[in-house]
Structures are given as C-alpha cells and as structure tokens.
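# Structure assessment
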Amino acid sequence: MVALIVIFISGLLSLFLAFAKKPWLVLLTASAGLIAGGISLFTQFYYQYDFIHYEGLKFDGFAVAFGLIAILFTLLVVLTGYSSFKDKPQHTGDYIALLLFSLTGALCMLSFTDMFMFFLGLEILSIPIYVMAGSNKDDVRSSEASLKYFMTGAFATGVLLFGIAWIYGGTASFKLDEITAFIYNAEGTHSSLIYIGLLMILSAFLFKVGAAPFHFWSPDVYDGSPHIVTGFMAAVVKLGAFGAFMKIFSVTFAGLHDFWAPALSVLAILTMFVGNLSALKQIRFKRLLAYSSITHVGYALLTIIVQSPDSAFNLWAYIFSYGFSTIGLITVAIIIHDEEDRIEAFRGLVRRNPFTGFVAILGLLSLAGVPPLMGFFGKFLVFSEAITQYPWLVAIAIINSGIGIFYYLRMVILVLQKEDDDKPKTPRHKVPVLQMIVLAICALALLFGGNMLIF
Amino acid sequence: MILASIFESGVSIQFYIVLSTILFAIGVLGVLIRKNAIIVLMCVEIMLNAVNLLMVAFSTYFGNGDAQVFVFFIMVVAAAEATIGLSILVLLYRNNRSVDIGLFNKLKG
Amino acid sequence: MSSAQDYLPLVIQGVVALGFVVSVLIVTHLLGPRVHSKKKDSNFECGIESEGNARFPVSVRYFLTAILFVLFDVEVIFFYPYAVNFKALELEGLLAVILFVAFFLIGFLYVLKKGALEWEK
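Residues numbered from 1 in each chain as written. Chains lettered and ligands numbered in written order. Predicted model: local features only at pLDDT ≥ 70, side-chain atom pairs only at ≥ 80, totals over all residues.

## What about the overall build of chain B?
What chain B contains, in helices and strands, is 4 helices and 0 strands. Reading the helices (α) and strands (β) of chain B from amino to carboxyl end gives α-α-α-α. (Helix = DSSP H or I, 4+ residues; strand = E, 2+ residues; numbered from the N terminus.)

## Some thoughts on helix 13 (residues 311–336) of chain A
Residues and elements named next belong to chain A. A rise of 1.5 Å per residue sets the reference length of helix 13, with its 26 residues, at 38 Å; its end C-alpha atoms lie 37 Å apart and thus fit the reference within 8%. Counting buried residues along helix 13, 25 of its 26 residues qualify, which places the element largely inside the surrounding structure. A positive phi of about 55° marks H337, the residue just after helix 13. (Expected span 1.5 Å × (residues − 1). Buried ≥ 20, exposed ≤ 12 C-beta atoms within 10 Å, placed from the backbone.)

## What to know about the environment of A440 of chain A
Relative to the helices and strands, A440 of chain A is located in helix 18 (residues 433–454). Distance in space between the C-alpha atoms of A440 of chain A and Y47 of chain A is 32 Å, their sequence separation being 393 residues.

## What about the interface of chain B and chain A?
Listed per partner, the contact involves 32 residues of chain B and 33 residues of chain A. For the side of chain B that touches chain A, the secondary structure elements donating two or more residues are helix 2 (13–33), helix 3 (37–62) and helix 4 (66–96) of chain B. The biggest single contributor to the side of chain B that touches chain A is helix 4 of chain B, with 15 residues. Broken down by class, the residue content of the side of chain B that touches chain A amounts to 24 nonpolar, 5 polar and 3 charged. (Contact = placed C-beta atoms within 7 Å. Nonpolar A, V, L, I, M, F, W, Y, C, P; charged D, E, K, R; others polar.)

## So, the nonpolar core
If you look at the biggest cluster of nonpolar residues, it comprises 206 residues, and the most contacted ones within it are A165, F245 and L302 of chain A together with V51 of chain B. Beyond its immediate sequence surroundings of up to four residues, V51 of chain B is in contact with G158, L161, F162 and A165 of chain A together with I74 of chain B. (Core = buried A, V, L, I, M, F, W, Y, C linked by C-beta atoms within 7 Å.)

## Some thoughts on the packing of helix 3 (residues 61–85) of chain A against helix 18 of chain A
All names here are of chain A. Here helix 3 crosses helix 18 at 145°, and the two axes come no closer than 8 Å. For helix 3 against helix 18, the interelement crossing comes out left-handed. On helix 18, the residues touching L76, L79, T80, Y82 and S83 of helix 3 are L434, Q435, I437, V438 and I441. In terms of residue class, the contact of helix 3 with helix 18 is built from 7 nonpolar, 3 polar and no charged. (Axes fitted to C-alpha atoms, helices over the stretch in contact; angles between N-to-C directions. Left-handed = near helix turned anticlockwise from the far one by under 90°.)

## Concerning unusual backbone geometry
At A172 of chain A, a position not held by glycine, the phi torsion is positive, near 60°. Mapped onto the secondary structure, A172 of chain A falls in the loop between helix 6 (140–171) and helix 7 (176–185). Residue classification places A172 of chain A among the partly exposed positions, given that 18 C-beta atoms sit within 10 Å. At E90 of chain C, a residue that is not glycine, the phi angle is positive and equals roughly 55°.

## Section: the confidence of the model for chain B
A residue-level look at chain B finds 89% of positions with pLDDT of 70 or above and a mean pLDDT of 84. Two summary scores accompany this predicted model of the complex, namely pTM at 0.86 and ipTM at 0.91. (pLDDT = per-residue confidence, 0-100.)

## Comments concerning the packing of helix 4 (residues 92–111) of chain A against helix 5 (residues 115–133) of chain A
Residues and elements named next belong to chain A. At their nearest, the axes of helix 4 and helix 5 sit 7 Å apart, and the two run at 155° to each other. Judged on the interaxial angle alone, helix 5 and helix 4 are roughly antiparallel. The handedness of the crossing between helix 4 and helix 5 is left-handed. Every residue of helix 5 that contacts helix 4 at Y95, L98, F101, S102, T104, G105, A106, C108 and M109 is listed here: M117, F118, L120, G121, L122, I124, L125, P128, I129, V131 and M132. Of the residues assigned to the contact of helix 4 with helix 5, the class counts are 16 nonpolar, 4 polar and no charged. (Parallel < 35°, antiparallel > 145°, perpendicular 65-115°, else oblique.)

Right, dumping it as structure tokens:
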C-alpha cells in the first residue's frame, strides 16, 4: 500500500515539476519514487507490516514478487525513454507521470482481493496507455494506434464488467475468497450465471493479454505506438494482465478448472500458431515484436492451464525473462532510430556498435529460447511443469519454439552480416549514457539471470 | 395477459436480466457494425449501462448494496474513458478530417 | 417487491409526456395558416453567394473545455453517496472526502497551469 502511494505521489510530483522545464529533475523524481516504491514494497513484505490498511488490496508474496519486476521494468523503460522524452521538455513530465500512473494500476491488478480493485486497477493501467499510444501527435499512425487500442480496450472492459455482474448474480459477492468458497461449496450445482460470467471474464482477459482470437489489435497498436510505449506495453501491461489472469483463474475459479481449462488450452495452441506463422513474413521490427509477443502469450498461458503450486513462480520467471529481452530489443531499436522501423535497419549492427549489436543478439536468442540465456530457463520451467499433465500441449509448444527459432535466427544473422557495399554506409549510432546502462542491465540479466531462476 | 401478470407480481429479476442482456447485445452489435467512431463510443456506453442495470437489479434482489457502489465506480470510469476517447477522436479528426473508422487503415500487415 | 400501484405515477407521466407531444403536433398542424406560393415552396436562399467550405475548423479550445467539464462534472457523483451517509460516516468520512477533493484540486491546478482553460492565447 505504501509503495502504491509513493509511486503515485512521485507521478504527481513529476507532473508538476515538468513546469520547471528541467527534464533531468523529472527523471530524478520518477526514478527516486520508483526505487523508494520498490524498497517499501520489499520491506513491507519482509516485516509483514503495513501501516495503511485497506481490505481491497493485499500485498502477499505473489503481489510483491510481480510488483517488484513491474517497478524494475518501468524504471528501465523510463531510463530508456528519457532521451526521446527530453526533446519535448514541456511534455516530459506528462509522459513519465502517465507511465507511473499506469504502474500503480498494474500494482492494483497484482494485489486486489475484490472485483472493485480489479476493475479500477485495470482501468488505471489501461487509460494512461491509451493516451501514451497516441503521444506522437503529428504522426497519424500513432493516433490511429491509440484509437484502435482504446476501442478494443473499452470493448473488453465492457465485456469484463458484464462478466463480473453475472458472477455477482451467481454468487452474491465481489470478494474473491467468498466467490472461491461459494464455488467449492456448491460443487456441481452452480447456477448457470457463473458459467456465463466466467466465459465473459475469460474473453475479456484474452483481449487484454492479446491471445489468439482476440489478438488482432495488438500488431497494429504495437506498430503505431512510439517505441517506449511498445516496450512498456510488452513488459508491464502484459505483466499486470497476466498477474490478474492468474489470480482470478488459477485461484478464484480453480473449482471450475474442468470447465475452462480445455477451452483455454485450445486457445493457447491457436495463439502460438497465429503468432509464429504471422511473424515469419514481417518486415517491420515492432510488428515482428508484436507477433512474437502473441506467441509468448501462448506459452505463458500454459502456466495458467496447468494447476500446480509452482505455476505462479513459473509465470513470474517467464515474464521476467521476456520483459528483459523485449526492453533490450526496444532500446536497440530506439538507438538505431529507423524512420520506417524496418528489420533491414539492423543489418551490420554488430560492426557499427559492437555492444548494442551484442545485446540485440542476446535479446533475440533469449526470445528464441537458446540455452545459456534467461529465456531458455523461463521456457524450461514452464514446459517441464506442464509436461506431466498436458504432454500434447507441450509437444505443440516445442514445435512452435522451433518455428520461432527460424525468424529469430534470421534476424541474428542480419545483425551479424556485413552491410551491402554498393549502398552508402550507415554511420555509427550515438548511444546516450542512460540507454547504455539499460543495455548493460539487460545483458547481465539475460546472461546470468537464468541460473538464478533455477536455484 | 402477460403485462397484467407483471404488474401483479412485481417486476421479477428475470426481466431485468433479459432487458440488460438485450441492451448489451445492442451495444456489442453497434460496436461491431457501425462505421462512425462516435457512434461506436456511444455503443460502448450502452454496454456499460447494461452492466449498471444488471448490477443494480442483482443488488436489489440480494438486498446488499455492494453492486450499487460498483455502479458509481463504473459511471465515473466510463466518463473518464469517454473523455479519453473523445480526445483521441479530436486528434484523429485534425489529421484525417473524418471519424469514419473504415478510413483508419494506415496500420496493416 | 413492488406492486402495481407503485408504477402508476410512471404510467401517468409517460401518458402525459406522450400526449403532450402528440397533441402539440396535431394542434400546430391544424391551427397554422398555410400559404403556398412559388417563392415559398422553393429552397431558401440568401442574397449573398455562399463561399468557402461548410466544414470550417472549430476551435479545439472549445472541445477541451467541454471535455474537461464532462470529467469534472461526473466525478462529483461520489458526493451523492457521501451526502446520504454524511452523519453516519462521521469524521473519517469527512477526511476521506477532503482527500478526494484535494486530489481533484490537484488535477484542476494542473489543468490551470497547463493553460487549458485560457480562452485566448
């Protein structure tokens, strides 16, 4: 709770400090707020002491573990984006504040205990991102992405609320533990209202995480939004949505597992194939990233389908590794700064900027799941947990990883290749210090983080 | 006379459920088939109002006020959402001179 | 649940509202003088030739003010439950509402500082 307030206040402060026209001041406030928020989240969990008590939010181990990486990812995104934020000093505060407000929404979504806070958290998470997606005001593509995200998001919210209303009709409660108890007590004799509500909530979640039949918005939105926002959506928004997904389905609706698990497994398979097969023919980098994120959503859904005490940790590890790869790659894309955002612009990167190219290769290989890197361990944990209960699902997931390796490796080769001799040589890219720090953090995490996940 | 029977027994919960489902379906259909972005926005509001109706009906049925508080939150958030949506539309209108969603096709592939 | 009598006022109100609209429509139709001439039946045209595009740009300031109004207007909805339970909530409720208004005020200050409400610029 304290962490939530600290981050919110630092967001407000950065909103008002922007009037001083000193971008570094805003950055300092925001980073200090994020770090303070992280520390207070941790200490509060460690000492089991919360001096502001509210029954709607409970920061248990799950919320703290996911919340800490949400804060870390936001910090990385803010650091990466600073160089592009500070070009418009009058808006720096707005951008950073919106990211922080969105983070508070993500924290609500990880710690809610009733449907009120879940709904409010979801909206606090989404609404700033609708605005951020359109923050590149002169670019039609950016505003179009914003509109598409807004329309699908608002629609999904409507469906979700309808689902919540049905669940309320079936159980007469908004509290998660009461709903759980109700479902367990009325074994087999549930009113049909609960089933309708469950399906509505399920489809709204699939919308929000961007899984297969409801994925169509995500490539457009990822493509049109500014790079920073794409990174934030891929890392933090997905984390928040998945956290809430797990809380509601693996915990609250666990009693109805037989009802929703088959549907979700079919959708997970569909998601993997749609993401992978569409990614094969992409020429724009952010679109590729979007389809790759759809595929990864498919893998991550396995942790929700499989019922096991380790599922939460596996999901955490998976999103942890995925977030680092994505933020690293987005940072590289910002450094390359190609107007058209072509994948072709990555050609010969390792010869121009060796370190940047190195991080790009690490990120791509980690997404592909190549052994020494963090992404491999994330995938390994997820698949090894699922293989006893759903061997066929894991088999399909592994086939899909194989397809994935194809386009990731194609890009790795592109990064390693020499530039064409007949074309004018691209000059060496300038890398601001902050982005260098982010790249270094991502590289370290990707190289050595995996071993920490196992122990 | 079905109408008379309603008046005698009071309006039971089923009627609210049916009405709000119909409203919700109208909203969903509108979002799916209308071309004008402002009308799509209005249809989303219809969906949310269907939810409000259902929640208040259940709340009276169970005799607890939780859902009525929820409805207040939904209304406020819906207003915030509408604000953002209209701002985005103004932004797009300045670039495109139209709010026809069929014309927003710069992002493809 | 409610009985038939409770719905009587609603029915009466509906009938009155509908009846008023219908009767006004009929009465105006009957009472209004009808004069036909070639000029009157032709389309209305003003003396000056029309020029320019009808889709002239409307000031964005207007939208901004309108949108801000919607937002600030609807947030006041939270005062209704508070007003009903004013006595029961005692000091704690008052503090909560003051906190809410304070956050609200911060938003308003931000709008002012940004210059969103300056009509001419």
